[in-house]
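# Analysis of the macromolecular model
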Amino acid sequence: MKHVAVGRSLLAKIFLMAIALLLAGMAGTASATAGGDKNVLRATLSNGLRVVIVRNALAPVVSTSVNYLVGSDEAPKGFPGMAHAQEHMMFRGSPGLTADQLANIGSVMGGDFNANTRESITQYLYTVPSEDLDVALHIEALRMQGVDDSEKAWDKERGAIEQEVAQDVSIPGYKMYEKLRAVMFAGTPYEHDALGTRPSFDKTTAKMLKDFHDAWYAPNNAILVVVGDLNPQKALAEIKQLFGPIKSKTLPARPKMDFKPVPAKSFTIDTDSPNETQIVALRFPGLHSPDFPALEVLADVLANHRFDLYGLVADGKALGADFSIEPLPKSGIGYAAVSFSPGGDAKAIEQEMRSILTKVATAGVPPELVEAAKLQERRDAAQEKDSIAGLASVWSDAVALYGLRSPDEDLARIEKVTVADVNRVARKYLKLDHAISALMLPQGSGKPTASGGGFGGQETISLGEAKPTNLPDWAEAALNRLVVPHSTLHPVVTTLANGLTLIVQPEDVSDTVSVYGHIRNRPETEEAVGKEGVSLILGPLLTFGTEHLDRIAYQKALDEIGAREHAGTDFSIEMLSQDFDRGVELLADNELHPALPAGAMELIKPQIAQAVAARNESPGWLAQRALTAALFPAGDPSLRQATAGSVNALTPDDVRAYYKEVFRPDLTTIVVIGNITPEKARAAIEKNFGAWTAVGPKPDTDLPAAPPNHAADLTVPDASRVQDNVVLAYNLALTRSDPDYYALALGNAVLGGGFYSTRLSIDLRKNTGLVYSVGAGLQAGRTRGVYYVDYACDPDNVTKAAKIVAQELKNMQTAPVTTDELTRVKALMLRQIPLGEASISAIAGGFLEDRELNLPLDAPPVAAQRYIALGPAEIETAFQKWMRPDDMVRVTQGPPPR
């Protein structure tokens, strides 16, 4: 369960498209309408519950989102995290559904369930196979009717949510955003986000949470969105049956917003990031303002790579530049963000940013960039259908936040925005005398040091018991259904004469086509000795145009078709179907004929060299290096490291030589997916990539096998954190093609494959509250692997949690997993297969990953057959053979463990 607030990722471009629900306002059991879109069904039940059902047949998957119109805005004064705490407690049981049952059901359905709390909404999300829709609806209906909110459960959950607070306030970007809000929205509920504080949670009681639920969680204060491969009328009938009897409530009054003028202010936040970031922020109107569509277009214009803000990157003054809006219903934040290497002149950068924005406010924006922004919005609107969960999120946010009827209506109002509209809102809201400036300033770290404690000692750890859980009848059938899931994928695979592999997957859910490519590569083995960092130079140079089009002309060509493109060893382009041929032509021009201008290299090289020097001293990098050095022997390619000196010594010839060695068709796979035929896809790829030739023998892209590592305990100081990030790991000789992989993957799912219901989550979160979340992963490549567990916790809990992890690994080696556990994780693994086909990007990513690991494209159903056949004894034997808990390396980033 991950708390997500708008604004938590400050450099993310938010383009939530809006759809509103039509209130029928009629008496009776329900009113329903399909409107103008045959795939959309809207209804309002007699108790006030609003329902939107959208059919999308991309995969046999559905996503549900229950949106309660309550969030941190409605939290009692002094208790800013009340709504967030109640979100957590919704997973601690309701009348008729215990916490254990809920956790097990969630895992059985694929483990893809979540929740988030924002200022004005709290959302509960499930993505499940279509055949499990009734199970998800049962859960949400029971939780809407009531919640346990027992004092005993809150005492345990309080520890977990306070660990989440510690985790977030250890993130410099979050601290910066919170300080920004406190100034921008002082005296209003917006001055804090929904996270909450430790002192307020210490004062919060279970009764307060129960009262909050009883006041606000009601059908007439909720909107249910269901998206996926379903029969809308059948789904609506079940919704009426399950949710119809729930009584409506009289809702409390909502708080009023009284925004004061924003004072100009500057502040600095220390960060463990290697680079500096300068923010210039302004208060903008909110989502409900009639000016918001023009502000969306303005933000797109300011972020365009042809605009002056990104010109700071092209001129070698910055590493990245962006402009975004963080929208809230009644207000928002518009901000420019520029990152640059440490030691740069932050004041000069800020002044340039202010000058650029002031020029826009006085002179307006280039008209051609307004048209480009609108074309991008058209493509974005079309691509919303390319992900079932993503489409559910778009509808849910829109229904709860925007207030429009449909995506078409939202796009229509953007299409109506004129250049004059954009210039008007620029003059009105780009008020630099009321701007807030924030600088994120990197702080170095001490070198990794050996820590005491280790994993031994005499402390007795009481582990949670993995016991069978009786499920309700409506969920029992889902648990016992262990069959190989049906796949809707039928890729057409072709190998061109030059060795390039083409995979085409036609999909007709939207009028878009996406192209994703991957060149098998490994800088650790391909960069020449003394040329470390050449790959870091090549990446940014690929944005400087081609041999045929300079940087501005190339971006203009992309803007003319509204395409989003990225070049490199991982490359892609997304476009409307009508522009497929031109899009592939542009992508191939950038991949095969990059300009790599020497002048641009001389501009960006100093920035990259300084950034590399700062990265090599940053806590995150030092923690990663410490882990790698403890897992692999001296001389291993993974230990090679670029330095400022190696980067500064690079020449344009070095970059071109590296490009020629690495970029070659016989190591390339391209996936074309979308509204396209295999024949048309092949014709375009063959036309534009067919003449590409490889030079010389294939480079070595495999890492060598490694001897078993020895135990180590290392700490990397990080003064910016109040909480520790902890990784426990050891290397494995296991490869992905080894038959034991499947038994280990099942065993890992028992340990850490699902929220609450796995052994590590039960031990470390549910029963003890030592951590907010814990993850476990089995990484197996072509030549070697790694097993790891990661978590974040207070310094006092680092060693205690590590001992629990080690003990659970040993338990897997000494006793078979229970039948109940094995059935549950098999159901989890099987259901994750269709969930992995529920978005265009996930499908393409799966194909590319299979190719990278030398697996057949039908690897998922093959894996399903293996999972079904495995028994407890085979898992125990595999853990005995491969797992080495006594050789665990522990790397802690943050305050010294105590």
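Each helix and strand counted, the protein chain has 32 helices and 26 strands in total. A compact globule built from 898 residues should have a C-alpha radius of gyration of about 29 Å, and the protein chain, at 27 Å, falls within 12% of that. Counting the 898 residues in the protein chain, one finds 61% classified as buried. A fraction of 84% describes how many contacts in the protein chain between residues 6 or more apart in sequence connect residues 24 or more apart. When the accessible area of the protein chain is evaluated, it comes to approximately 32,700 Å², of which 54% is carbon and sulfur surface.

Moving on, we come to the packing of helix α26 (residues 741-752) against helix α32 (residues 872-882). For the pair α26 and α32, the least separation of the axes is 9 Å and the interaxial angle reads 95°. Here α26 lies roughly perpendicular to α32, going by the angle between them. Counted together, A743, L744, L746, G747, N748 and L751 of α26 and E874, I875, A878, F879 and W882 of α32 form the full contact between these two elements. Split by residue class, the contact of α26 with α32 holds eight nonpolar, two polar and one charged.

Applying the stated criterion across every chain yields a total of 19 aromatic pairs. Pairing F113 with Y126 gives two aromatic rings, centres 5.5 Å apart and planes at 20°, and the pair type is stacked. With F113 in strand β7 (residues 113-117) and Y126 in strand β8 (residues 122-129), this residue pair connects regions lying 13 residues apart in the sequence. Each member of the pair, F113 as well as Y126, is classed as buried. Members of the aromatic cluster, joined through ring pairs, are Y68, F91, F113, Y124, Y126 and Y217.

The subject of this paragraph is the environment of M184. Tracing the backbone through its elements, the reader meets M184 in helix α5 (residues 172-184). Overall, M184 belongs to the buried group, its relative accessible area being 1%. Here M184 is in contact with V262, A281, L282, R283, I333 and I436, once residues within four sequence places are set aside.

The buried fraction of strand β23 (residues 724-732) amounts to seven of the nine residues, a majority that puts the element mostly inside the structure. In terms of strand pairing, β23 meets strand β25 (residues 785-793) through nine bridges, oriented antiparallel. Its bridge partner lying in β25, N725 is registered against A792. Inspection of the sheet shows β23 paired to strand β26 (residues 889-893) by five bridges, in the antiparallel sense.

Turning next to the pattern of salt bridges. With the rule as written, the count across this model stands at 48 salt bridges. Residue D291 is joined to K428 by a salt bridge in which the shortest nitrogen-to-oxygen separation is 3.6 Å. With a gap of 137 residues between them, D291 in the loop between β11 (276-284) and α9 (292-303) and K428 in helix α15 (residues 419-429) connect regions that are remote in the sequence. Its relative accessible area of 44% is what places K428 among the partly exposed residues. The partner of D713 in a salt bridge is R890, and the shortest N-O contact between them spans 3.0 Å. With D713 in strand β22 (residues 712-716) and R890 in strand β26, this pair connects stretches of sequence that are 177 residues apart. Owing to a relative accessible area of 10%, D713 belongs among the buried residues under this scheme. A single network of salt bridges, built from pairs that share partners, joins E131, D132, R481 and R831.

Time to look at the nonpolar core. Within the largest apolar cluster, 78 residues are counted, with the highest numbers of intra-cluster contacts made by L298, L309 and V338. Those residues within four positions of L309 in sequence are excluded, and the remaining contacts are L302, A321, D322, F323, A336, V338, M353 and I356. Ranked by size, the runner-up nonpolar core spans 64 residues in total, among them L45, V70, F79 and V135.

This next bit is on unusual backbone geometry. Most peptide bonds take the trans form, and the phi angle of most residues other than glycine is negative. Of note in this structure, L596 is not a glycine but carries a positive phi near 45°. If you trace the backbone, L596 turns up in the loop between α20 (580-592) and α21 (598-615). On the basis of relative accessible area, L596 is assigned to the buried category, the value being 4%. Notably, N854 is not glycine yet its phi reads approximately 60°, a positive angle. Looking at the secondary structure, you find N854 in the loop between α30 (840-852) and α31 (859-869).

Within the sequence span of α31, burial applies to A859, A863, A864 and Y867. Down the axis of α31, the sector holding all buried residues measures 140°, keeping them to one side. Among the exposed residues of α31, those pointing more than 90 degrees away from its buried face are Q865 and A869. Among the structural elements, α26, α29 (819-835) and α30 are those in contact with the buried residues of α31.

Time to look at the sheet that holds strand β18 (residues 512-519). As a general point, the strands of a sheet are linked pairwise by backbone hydrogen bonds and lie either parallel or antiparallel. In space, the six strands of this open sheet follow the order β16-β17-β21-β18-β20-β19, with mixed pairing throughout. Strands with a single pairing partner mark the edges of an open sheet, and in this sheet they are β16 (492-495) and β19 (564-566). Neighbour-to-neighbour, the strand axes of this sheet turn through a mean angle of 15°, independent of strand direction. The pairing of strand β17 (residues 501-506) with strand β21 (residues 668-674) spans six bridges and is parallel. Its bridge partner lying in β21, P506 is registered against G674.

With respect to the helices and strands, the residue P872 is situated in helix α32. Using a relative accessible area of 27% as the deciding quantity, one classes P872 as partly exposed. With 53 residues separating them in the primary sequence, P872 and T819 have C-alpha atoms 7.6 Å apart. The residues contacting P872, other than those within four sequence positions of it, are P816, V817 and L822.

An order of β10-β14-β11-β13-β12 is seen for the five strands of this open sheet, with the pairing classed as mixed. Looking at the sheet topology across the chains shown, the edges are occupied by β10 (265-271) and β12 (320-327). The sheet shows a mean angle of 20° between the axes of neighbouring strands, taken without regard to direction. With respect to the sheet, α5 is in contact with β10, β11, β12, β13 (332-340) and β14 (436-442), its orientation differing from that of β10 by roughly 165°. Lying over the sheet, helix α11 (residues 346-363) contacts β11, β12, β13 and β14, oriented at roughly 35° with respect to β11.

Calculation notes
- Residues numbered from 1 in each chain as written.
- Predicted model: local features only at pLDDT ≥ 70, side-chain atom pairs only at ≥ 80, totals over all residues.
- Heavy atoms only, no water.
- Helix = DSSP H or I, 4+ residues; strand = E, 2+ residues; numbered from the N terminus.
- Rg over C-alpha atoms; globule rule 2.2 N^0.38 Å.
- Buried < 20%, exposed > 50% of the residue type's maximum accessible area, 1.4 Å probe, protein only.
- Contact = heavy atoms within 4.5 Å.
- Areas by Shrake-Rupley, 256 points an atom, 1.4 Å probe, with all protein chains shown as cover.
- Axes fitted to C-alpha atoms, helices over the stretch in contact; angles between N-to-C directions.
- Parallel < 35°, antiparallel > 145°, perpendicular 65-115°, else oblique.
- Nonpolar A, V, L, I, M, F, W, Y, C, P; charged D, E, K, R; others polar.
- Phe/Tyr/Trp six-rings, centres within 6.5 Å; stacked < 30°, edge-to-face > 60°.
- Pairing = 2+ DSSP bridges.
- Salt bridge = Lys/Arg side-chain N within 4 Å of Asp/Glu carboxyl O.
- Core = buried A, V, L, I, M, F, W, Y, C linked by side-chain atoms within 4.5 Å.
- Arc of directions from axis to C-beta.

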